[in-house]
Amino acid sequence: MLSSSIPDYEPISLRGSGAFGYVIEAYDKIHDARVAIKRTHKVGNKLSREYQILSELKECDYIVKLLDTFYTVNDDGKVIQNLVFEYVTRSLEAYMEECRNDKVVIPLKKIKSIMKQILYGLEYCHSKNIVHRDLKPENVLFTQDDRVKICDFGSSKFIDENTKSTPYIVSRY
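Quick caveat: nothing in here was measured; it's all calculated off a predicted structure.

Basis of the calculations
Residues numbered from 1 in each chain as written. Predicted model: local features only at pLDDT ≥ 70, side-chain atom pairs only at ≥ 80, totals over all residues. Heavy atoms only, no water. Phe/Tyr/Trp six-rings, centres within 6.5 Å; stacked < 30°, edge-to-face > 60°. Helix = DSSP H or I, 4+ residues; strand = E, 2+ residues; numbered from the N terminus. Buried < 20%, exposed > 50% of the residue type's maximum accessible area, 1.4 Å probe, protein only. Salt bridge = Lys/Arg side-chain N within 4 Å of Asp/Glu carboxyl O. 1 Å grid on protein atoms, 1.4 Å probe; cavity = no way out; pocket = protein on both sides within 12 Å on 5 of 7 lines; lining within 4 Å. Points joined across faces, edges and corners; volume = space filled by probe spheres on them. Nonpolar A, V, L, I, M, F, W, Y, C, P; charged D, E, K, R; others polar.

Student: Help me out: how do you make sense of the packing of aromatic side chains in this one?
Tutor: Two numbers describe a pair of aromatic rings. These are the distance of the centres and the angle of the planes. Summed over the entire model, instances satisfying the criterion amount to three aromatic pairs. A centroid spacing of 5.6 Å and a plane angle of 10° characterise the contact between Y9 and F70, whose relative ring orientation is stacked. Note that Y9 is positioned in strand β1 (residues 9-17) and F70 in strand β4 (residues 66-73), a separation of 61 residues in sequence. We note that Y9, like F70, is buried.

Following this line, the structure appears as structure tokens:
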């Protein structure tokens, strides 16, 4: 059943918006936990590519976890896809901004840890023939205990398995 309300979730605040939709922080009443809900217009009758990709990546600790999916209808009668994710407290972009504002240098050990986890996440994506295509500090989240979670797979694609191409280009120049 489609509706304009968000079942079992109580919206808390708008966390971000982009070209295809927006993300809200919400409270999951059933599991007594905060979640992030990405709301986008549904196009066609197929499962979204983002949903399919996240389903392929569900075993990776370095990818934000997809917890639930449901559909609603907005005031204009358009179907909205709602992807429910684990809530991760901050982005790499926000952390970098905090450090800049406080005039604090990020410790080399922390930079190495973050980069290593990003690379593990990308390695897992590439092992599943998936490319992210929009990796930036805004799309790298990390938890209170500094575990990296790559997010926003809206631009991601599966690599054609019939080609010999690799998911990345190495330049000699």
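Student: Just checking my understanding: could you explain the pattern of salt bridges for this structure?
Tutor: Pairing between side chains of opposite charge can happen when the charged atoms of each approach one another. Under the counting rule described, the total for this entry stands at eleven salt bridges. Salt-bridge contacts for K38 lead to D152; the nearest nitrogen and oxygen are separated by 3.0 Å. Placement of K38 in strand β3 (residues 33-41) and of D152 in the loop between β9 (148-150) and β10 (157-158) is noted, with a sequence separation of 114 residues between them. Accessibility expressed as a relative area gives 14% for K38, which makes it buried. Assessed through its relative accessible area of 28%, D152 is described here as partly exposed. Through salt bridges with shared partners, a single network forms among R90, E98, K110 and D146.

Student: Honestly, the layout of surface pockets in this entry has me stumped. Any pointers?
Tutor: In this approach the atoms are scanned with a rolling probe the size of a water molecule, which exposes any empty space left behind. By volume, the largest pocket amounts to about 1200 Å³. If you trace the largest pocket, you find 40 residues lining it, with V23, K38, E50, N139 and D152 closest to the centre. A per-element tally of the lining of the largest pocket places β3 first, with four residues. Partitioned by chemical class, the residues of the lining of the largest pocket number 14 nonpolar, 13 polar and 13 charged.

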